[in-house]
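Here is how the chains run, residue by residue.
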Amino acid sequence: MTTTGRVSFVGAGPGAADLITLRGARRIAEADVVVWAPSAVDAECVREHARAEAELVDFSRVTPEEITDVYRRAAAARQVVVRLHSGDAATGGGVQEQHDLCVRLGLEVEVVPGVSVVAAAAAKIGRELTQTEASSTVLISPESSELVSEFAALQTTMAATVSGARTGQFVEKLLQGGYSESTPVVVAYKVSQADELIAHTTIGELESVVKQHKLYRPTLFLVGAAVKAPTRRVSATATSSVDEPLRAARPTRWSRRAASRIATRTDEPIPAAAPAVPTAPAAEPNPAWTAVEEIQQSVRRPAEEPAPKPKLTVVAAEIPKPPTVNASTSTPRKKPVRKPKRSAN
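My aim in this report is to walk through the structure given alongside it, one point at a time.

## Comments concerning the environment of Ser163
Relative to the helices and strands, Ser163 resides in strand β7 (residues 157-163). Owing to a relative accessible area of 11%, Ser163 belongs among the buried residues under this scheme. Between the alpha carbons of Ser163 and Thr219 there is a distance of 6.0 Å; along the sequence they are 56 residues apart. For Ser163, the side chain forms a polar contact with the main-chain oxygen of Tyr216, separated by 3.3 Å.

Okay, structure coming up:
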């Protein structure tokens, strides 16, 4: 428990539970209250990391005033609160207003960055959005922005989160800004989640693709030449007849030298190959989850009671006794006094 209460705005990543950062997972494991929206953040992300006794608040079912009350209660009771945001909490999601509110309430505030939805979508399609020959800037346009036409006039790669119901208006602004109907577009919906959708299309076909997949919720659109799908080269051997013999690779000077060295080595006997025993492949542990589990256990494990300090036993120093003299208790005998003899006259 902190001395003033703490609120951490954590970027939960694009949605997959294993794309959250280790720091974000630790903050969830430490939290007394977790505020999140199930429609934006996968429930597994919260279930895997949150404590069983943590209070879960559905952000989509409460008002802003109730969220403010959560922050006030954290300041009064010195609680640890985590507010989960989809993607990267440092680049959107209305974090700035909540951050400043928590600062005014005297809370300790922290922003934990996460994997952005744009980065996850670019990684999924294997495209570099800032490649020099296509564009030098990625412009992230919020859904409510009215500057899409101005951004389109720059002819850069645009990453825009737009409601599927407003795709027609979005297409009109792209064309007004100077993009052609053949400009490549990538439709990315629920990236990294089980029901993700990635579709390559063009500005001219964008509205029909969105209607075909019934995308009415906010969807990410990547627009520009940088997101064009690469053309796949089909090898001639892939379509050739299987009866054609395969040509062996031509050995090089280095490969021949290595083969001669291996053949002439006699200092180490070559062990006989053991017969192969078919065994079921063992499941390899996921190092990322192992690290997260170790963090969770270190946070959730109750603090060990300090061992009782041993009582100090003061041992008094023994006072040296004076040497004793064994005196005899019997009265010493007196020597008889002899009387002088009288002489006879």
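## Digging into the packing of aromatic side chains
Throughout the structure, instances matching the rule amount to one aromatic pair. Ring geometry for Phe170 versus Phe221: centroids 5.6 Å apart, planes at 20°, classification stacked. With Phe170 in helix α7 (residues 167-177) and Phe221 in strand β10 (residues 218-223), this pair connects stretches of sequence that are 51 residues apart. What makes Phe170 buried here is its relative accessible area of 4%. Looking at Arg83, its charged tip hangs above the ring of Phe59, at a distance of 3.7 Å from the centre.

## A few points about helix α3 (residues 64-77)
Relative to the 20 Å expected for 14 residues at 1.5 Å per residue, α3 spans 20 Å between its end C-alpha atoms, a close match to the ideal helical length. Restricting attention to buried positions, one finds in α3 the residues Ile67, Thr68, Val70, Tyr71 and Ala74. Projected down its long axis, α3 shows its buried positions confined to an angular sector of 150°, all on one face. For α3, the exposed residues set more than 90 degrees away from the buried face come down to Glu65 and Ala76. Against the buried residues of α3 lie β1 (6-11), β2 (33-36), β4 (80-85) and α4 (95-104). Arg78 sits one or two positions beyond α3 and adopts a positive phi of about 55°.

## What to know about the sheet that holds β4
Strand order in the open sheet made by the five strands is β3-β2-β4-β1-β5, with parallel pairing throughout. This sheet does not close on itself; its edge strands, each paired only once, are β3 (55-58) and β5 (108-112). Strand-to-strand, the axes of this sheet are offset by a mean angle of 15°, without reference to chain direction. Bridge count between β1 and β4: six bridges; the pairing is parallel.

## Here we look at the nonpolar core
Counting residues in hydrophobic clusters, the biggest one holds 21 residues, and the most contacted among them are Met158, Phe170, Leu174, Leu206, Phe221 and Val223. Taken together, the elements giving at least two residues each to this core come down to α6 (148-153), β7, α7, β8 (184-189), β9 (197-202), α8 (206-212) and β10. Look past the residues within four positions of Val223 in its chain and what remains in contact with it is Thr156, Thr157, Met158, Phe170, Leu174, Tyr179, Thr183, Pro184, Val185 and Ile203. Counting 16 residues, the second-largest nonpolar core is a separate cluster that includes Ala25, Trp36, Cys45 and Val46.

## Describing the pairing of β10
Summarising burial for β10: five of the six residues are buried, a large majority. By the bridge criterion, six bridges tie β7 to β10 in an arrangement that is antiparallel. Looking at the pairing, Met158 lines up with Val223 of β10. Here four bridges tie β8 to β10, and the two strands are oriented antiparallel to one another. Residue Ala188 lies in a different strand from β10, and its bridge partner there is Leu220.

Definitions and cut-offs
- Residues numbered from 1 in each chain as written.
- Predicted model: local features only at pLDDT ≥ 70, side-chain atom pairs only at ≥ 80, totals over all residues.
- Heavy atoms only, no water.
- Helix = DSSP H or I, 4+ residues; strand = E, 2+ residues; numbered from the N terminus.
- Buried < 20%, exposed > 50% of the residue type's maximum accessible area, 1.4 Å probe, protein only.
- Polar contact = N/O pair within 3.5 Å; in protein donor to acceptor, adjacent residues only side chain to side chain.
- Phe/Tyr/Trp six-rings, centres within 6.5 Å; stacked < 30°, edge-to-face > 60°.
- Lys NZ or Arg CZ within 6 Å of the ring centre and 35° of its normal.
- Expected span 1.5 Å × (residues − 1).
- Arc of directions from axis to C-beta.
- Contact = heavy atoms within 4.5 Å.
- Pairing = 2+ DSSP bridges.
- Axes fitted to C-alpha atoms, helices over the stretch in contact; angles between N-to-C directions.
- Core = buried A, V, L, I, M, F, W, Y, C linked by side-chain atoms within 4.5 Å.

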